[in-house]
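Listed below, chain by chain, are the residues.
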Amino acid sequence: MTQDELKKAAAIAALDYVEDGMIVGVGTGSTVNHFIDGLAGIKERIAGAVSSSEASARRLEAHGIPILDLNDITDLPVYVDGADEIDAGFCMIKGGGGALTREKIVAAVARRFICICDTSKKVACLGRFPLPVEIIPMARAYVERELAGIGGRPELRDGFVTDNGNLILDVHGLMITSPRALETELNQIVGVVTNGLFARRGADVLLLATPAGVERQV
Ligand code: 5RP
């Protein structure tokens with residue numbers, strides 16, 4: 001199977017978590033795109049979707065799936081999203097697509113986070129994938145110095161502006177042995193909007209697509 005076929009298998013497996021009348025939180029990325037396409041097949045059964053990015057919103061809209069404003073919702077039963085890396089404790093690095101801030105907000109509201117991945121994303125230790133950090137543009141040089149101070153090598157994501165009008169620094173060279181602590185520490189740097197560690201609110205369920213089938217891990 002190709003990596004894209006594995007991504008699709010994980011995404012389709014996540015449809016089992018969508019119940020009649022539900023509002024569904026929708027992540028961002030190529031794996032989630034398969035989920036959105038699958039959701040289109042059962043769109044009459046759901047109340048609508050909350051999107052974590054403009055890109056996912058456009059795809060949902062193209063399928064005629066109603067988009068709801070997170071501020072109008074008090075209960076979000078499920079959020080489905082991919083990851084760039086996920087460890088054994090279901091802590092993740094996310095934000096390869098640059099949507100980390102809205103993803104983290106929707107994930108915070110959701111009762112259950114279903115992570116959909118192919119096997120290449122499962123790691124023993126987070127950090128080989130550069131950690132995305134969304135920053136306020138005027139703080140770029142300061143945040144770069146702070147990140148270098150904790151041993152990272154920040155690189156500005158060239159020509160990229162987030163849905164919130166901010167920049168992304170991709171931080172190389174971090175061996176993340178304490179993801180919750182590092183997530184908290186990075187949040188204290190002035191000018192950081194969000195970092196791509198999803199450890200304080202990790203995934204609840206991992207649907208891991210392998211060539212032998214989709215493993216459901218809880
Ligand atoms: C986007 C994300 C994605 O979930 C992550 O980058 C995985 O993407 P893909 O499904 O394309 O491999 O965090 O901000």
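Along each chain, residues carry numbers from 1 onward, in the same order as the chain's sequence is written. Local features are withheld for residues below a pLDDT of 70 in this predicted model, meaning they are given only at 70 or higher, and side-chain atom pairs are given and counted only at 80 or more; totals for whole chains, interfaces and linings count all residues. Note that water and hydrogens are dropped before the side-chain values are worked out from all heavy atoms of the structure.

A.B. asks: Where do I start with the layout of surface pockets in this structure?
C.D. replies: Summary: where empty space remains is shown by rolling a probe the size of a single water molecule over the atoms. Of the voids in this model, the largest pocket is the one considered here, and its volume is about 190 Å³. Only DSSP runs of H or I with at least four residues qualify as helices, and only runs of E with at least two residues qualify as strands; both kinds are numbered from the N terminus onward. In terms of residue count, helix α2 (residues 30-40) provides more of the lining of the largest pocket than any other element does, 3 residues in total. When residues are grouped by polarity, Ala, Val, Leu, Ile, Met, Phe, Trp, Tyr, Cys and Pro land in nonpolar, Asp, Glu, Lys and Arg in charged, and all others, Gly among them, in polar. Across the lining of the largest pocket, the residue classes break down as 2 nonpolar, 8 polar and 6 charged. Cavity: a set of points on a 1 Å grid over the protein atoms alone where a 1.4 Å probe fits but cannot get out. Pocket: an open set with protein on both sides within 12 Å along at least five of seven lines, its lining residues, like those of a cavity, having an atom within 4 Å of a point. Grid points are joined across faces, edges and corners, and a volume is the space filled by probe spheres set on the points.

A.B. asks: Is there a simple way to explain the packing of α2 against helix α3 (residues 54-62) in this structure?
C.D. replies: When two helices pack together, their arrangement is given by the angle between the helix axes and the distance between those axes. Between N-to-C directions, angles span 0 to 180 degrees; the directions come from axes that are lines fitted to C-alpha atoms, helices contributing only their stretch in contact. One way to put it is that α2 packs onto α3 with a least axis distance of 9 Å and a crossing angle of 25 degrees. The orientation of α2 with respect to α3, classified from their angle, is roughly parallel. The element α2 and its partner α3 pack so that their crossing is right-handed. Only S56, R59 and L60 of α3 make contact with α2, whose side of the interface consists of V32, N33, I36, D37 and L39. For the contact of α2 with α3, a count of residues per class yields 4 nonpolar, 2 polar and 2 charged. Angles are sorted into four bins: roughly parallel if under 35 degrees, roughly antiparallel if over 145, roughly perpendicular if 65 to 115, and oblique for all others. Should the near helix be turned anticlockwise from the far one by less than a right angle, the crossing is left-handed, and should it be turned clockwise, the crossing is right-handed. Between two residues, a contact is recorded if the distance between any of their heavy atoms is within 4.5 Å.

A.B. asks: Mind showing me how you'd approach the pairing of strand β1 (residues 23-26) here?
C.D. replies: Look at any regular strand and the pattern is simple: side chains alternate between the two faces of the sheet. The alternating pattern of β1 places I23 and G25 and V24 and V26 on opposite faces, both of which are buried. Note on pairing: two strands pair once DSSP finds at least 2 bridges between them. Looking at chain direction, β1 and strand β2 (residues 48-51) are connected through 4 bridges and run parallel. In the strand pairing of β2, I23 is matched with G48. Here is how to tell: hold the view so the strands point away, follow the path from the first strand over the helix to the second, and if it runs clockwise the crossover is right-handed. Read as a crossover between parallel neighbours, the route from β1 over α2 to β2 is right-handed. Note: β1 against strand β3 (residues 76-81), 3 bridges, orientation parallel. Bridge pairing in β3 links G25 to Y79. A simple rule labels every residue: compare its accessible area, found with a 1.4 Å probe on the protein chains alone, to the largest value its type can have, and call it buried under 20%, exposed over 50%, or partly exposed in between.

A.B. asks: What should I look at first to understand the side chain of T101 in this one?
C.D. replies: As for its placement among the helices and strands, T101 is situated in helix α4 (residues 100-109). The class of T101 is buried, set by a relative accessible area of 9%. Discounting chain neighbours no more than four positions away, the residues touching T101 are E134, N164, V193 and T194.

A.B. asks: Explanation requested: the environment of N33 in the structure shown.
C.D. replies: Along the chain, the position of N33 falls in helix α2. Given the relative accessible area of 23%, N33 is considered partly exposed. The sequence separation of N33 and G82 amounts to 49 residues, and the corresponding C-alpha distance is 9.9 Å.

A.B. asks: Would you mind going over α3 with me for this structure?
C.D. replies: Along an α-helix, a turn takes 3.6 residues, which lines up residues three or four apart on a common side. Within α3 the residues assigned to the buried category are S56, A57 and L60. Down the axis of α3, the smallest arc covering the buried residues is 100 degrees, so these residues share one side. Those residues of α3 that are exposed and angled more than 90 degrees off the buried face are R58 and A62. Looking at the buried side of α3, the elements it contacts are β1, α2 and β2. Think of the arc as the fan of directions from the helix axis to the C-beta atoms.

A.B. asks: Can you walk me through the confidence of the model for the chain in this structure?
C.D. replies: Any residue range with low pLDDT should be treated as having predicted coordinates unsuitable for detailed reading. As a per-residue measure, pLDDT tells how confident the predictor is, with possible values from 0 to 100. Per-residue confidence for the chain gives a mean pLDDT of 97, with 100% of residues at or over 70. Across the predicted assembly, pTM comes out at 0.95 and ipTM at 0.98.

A.B. asks: Explain the site of the ligand to me, please; I cannot follow it from the model alone.
C.D. replies: Whether a residue is near a molecule or strand depends on its heavy atoms: if one lies within 4 Å, it is near. In the vicinity of the ligand, 17 residues are found, and the nearest of them are S30, T31, D84, G95 and K121. Residues adjacent in sequence count toward polar contacts only when both atoms are side-chain atoms; beyond that, a polar contact is any pair of N or O atoms within 3.5 Å, and within protein one must be able to donate a hydrogen and the other to accept it. D84 places a polar side-chain atom, nitrogen or oxygen, 2.6 Å from an oxygen atom of the ligand. Within the backbone of A99, a nitrogen or oxygen atom sits 3.2 Å from an oxygen atom of the ligand. With residues, only the protein chains shown are counted as cover, and all accessible areas are computed by Shrake-Rupley using a 1.4 Å probe. Bound to the protein, the ligand loses 91% of the 380 Å² it would expose on its own. Judged by its atoms lying within 2 Å of the grid points, the ligand is housed in the largest pocket. When the residues that make up the shell around the ligand are grouped by side-chain class, the tally is 2 nonpolar, 9 polar and 6 charged. Any molecule with more than half of its atoms within 2 Å of a cavity's or pocket's grid points is counted as sitting in it.

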